[in-house]
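# Chain and residue survey
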Amino acid sequence: MFYLFKNCFLILITFFYSATAFSYGSKPFEAKSQESVNPVSLYKYAEIANVGDLNYTIDELLANENRINFEPIKGPSTNLGFTKNKYWLRFSIKNPTELPIQYYLETARPVTDIVDLYMLTDDEGFQKMKNGDLIPFSEKSFAHRKVIFPLLLKPGKTYHIYIHYISDGEVINLPLNLYDPSSMVLSTYKSQLFFGLFYGILLLAAAVYLLFYFGIGEKSFLLYSIYVLSVGLLHMSLDGYFFQFIDPKSGWLNKNAILLTAPLSAMAFGRYAQIYTNVKQWNKLLNNALNVALCSLIVLLIFVVLFPQGKAIYYPAVNFLSFVMMLILISMVSYGYYKGKKVDVFFSVAIFSFTIGFFILIFNNFSLIPNSFFTENGSKI
């Protein structure tokens, strides 16, 4: 009897708050039955709250909703930066038509640990869907590399959506793109073409330089091949492919993939540049600075393996050390030209392009520049 009473009480609480939600917030988004080739951004209809380290359940959130400070979303893909805080986002969506409508909601980055979505209606309670890269891929609410939730809207219903975001210190982004089936398929095709070209070029470059290494025995070719492979794995982690195809059970490798591949790629490239330019022979100060940066990355990698509880520090640290590494490499090339040293023009162009791409990526991670497709994929381009 007690459990029956308890369950009835929770259902009444849920119904009450779902019925009164958004009476003071953003107006609901009205769904349309016609198909579109472009997704719709819902950021104007959404509000978000930073609840710090409070681990609210959905019932506790609804019970305390009036006391929680929900704020409007600032843009179509807001960047919350490196954070361990927990966030709750809310918006409502209405189907005013007489037919059911199928939508797909994209939110968060593929590497966000936990993203839970709750759909509440006035007379049906709530439906929970799970996503994020801390659960096995097979348990995701929608089998996709991105964080996507399928939303089936019944005729004449208004749904109140609550999304819970939890990260271990990585960046949280807030795209709120609503796709119908046609735009969802077209978006997937476009990304497959873009990523197919990118990863195909990386694989080709790694294979060619590896052949050069075995044929000539030059260490720089091996280092460059390791760099290209580690960068490929890094981007596969960021894009969700590592989780989907390499470690779908979300084991230790998937949970630490970014913090393993990012320092490794920076070390491989820094060491490659050190050998290729022979900087030790013409500037010991820059060479020593590069050695310090390389040693710092090695120490960081050791901490990642031995002390996993420090991830909130490791994510910004690897970005900062990579930034310092790039400054040293720029200084090496600039000093070489200043002193009239023989610096290969293709190497200089590569450093310049590499620098722009990774500065965009790092500045975006630190929320110093707006989030967009270009800033998210600047390092790829």
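Higher on the page you've got the structure.
In this report, we go over the structure that sits alongside the text. In this text, all values refer to a predicted model and were calculated from it rather than measured experimentally. (Residues numbered from 1 in each chain as written. Predicted model: local features only at pLDDT ≥ 70, side-chain atom pairs only at ≥ 80, totals over all residues. Heavy atoms only, no water.)

### Considerations on the pairing of strand E6 (residues 87-94)
Burial analysis of E6 places seven of its eight residues in the buried class, the great majority of the element. With two bridges connecting them, strand E1 (residues 29-30) and E6 associate as parallel partners. Considered in E6, the bridge of Phe29 is made with Ile93. Here strand E3 (residues 47-50) pairs with E6 via four bridges, running antiparallel. For Ala49, the partnering residue across the bridge sits in E6 and is Trp88. Strand direction decides the pairing type here: E6 and strand E11 (residues 158-166), joined by eight bridges, are antiparallel. Looking at E11, one finds that Arg90 is bridged to Tyr162. (Buried < 20%, exposed > 50% of the residue type's maximum accessible area, 1.4 Å probe, protein only. Helix = DSSP H or I, 4+ residues; strand = E, 2+ residues; numbered from the N terminus. Pairing = 2+ DSSP bridges.)

### What about helix H4 (residues 219-239)?
Every α-helix carries 3.6 residues per turn, so stepping three or four residues along brings you back to the same face. With 21 residues, H4 extends 30 Å from end C-alpha to end C-alpha; this agrees with the ideal 30 Å at 1.5 Å per step. For H4, the tally of buried residues reaches 15 of 21 residues, placing the bulk of the element in the interior. Once H4 finishes, Gly240 follows within two positions and takes phi at roughly 90°, a positive value. (Expected span 1.5 Å × (residues − 1).)

### Describing the pattern of salt bridges
The full count for this structure, using the stated rule, is seven salt bridges. We note a salt bridge from Glu65 to Arg90, for which the minimum N-O separation is 2.6 Å. Placement of Glu65 in the loop between helix H2 (58-63) and strand E4 (71-72) and of Arg90 in strand E6 is noted, with a sequence separation of 25 residues between them. The pair formed by Glu65 and Arg90 is uniform in burial state, with each residue classed as buried. One salt bridge connects Arg109 with Glu170, and the closest N-O pair in it is separated by 3.0 Å. With Arg109 in the loop between strand E7 (101-106) and strand E8 (114-121) and Glu170 in the loop between E11 and strand E12 (171-175), this residue pair connects regions lying 61 residues apart in the sequence. Each member of the pair, Arg109 as well as Glu170, is classed as buried. What you see here is one network of salt bridges that share partners, running through Glu47, Glu65 and Arg90. (Salt bridge = Lys/Arg side-chain N within 4 Å of Asp/Glu carboxyl O.)

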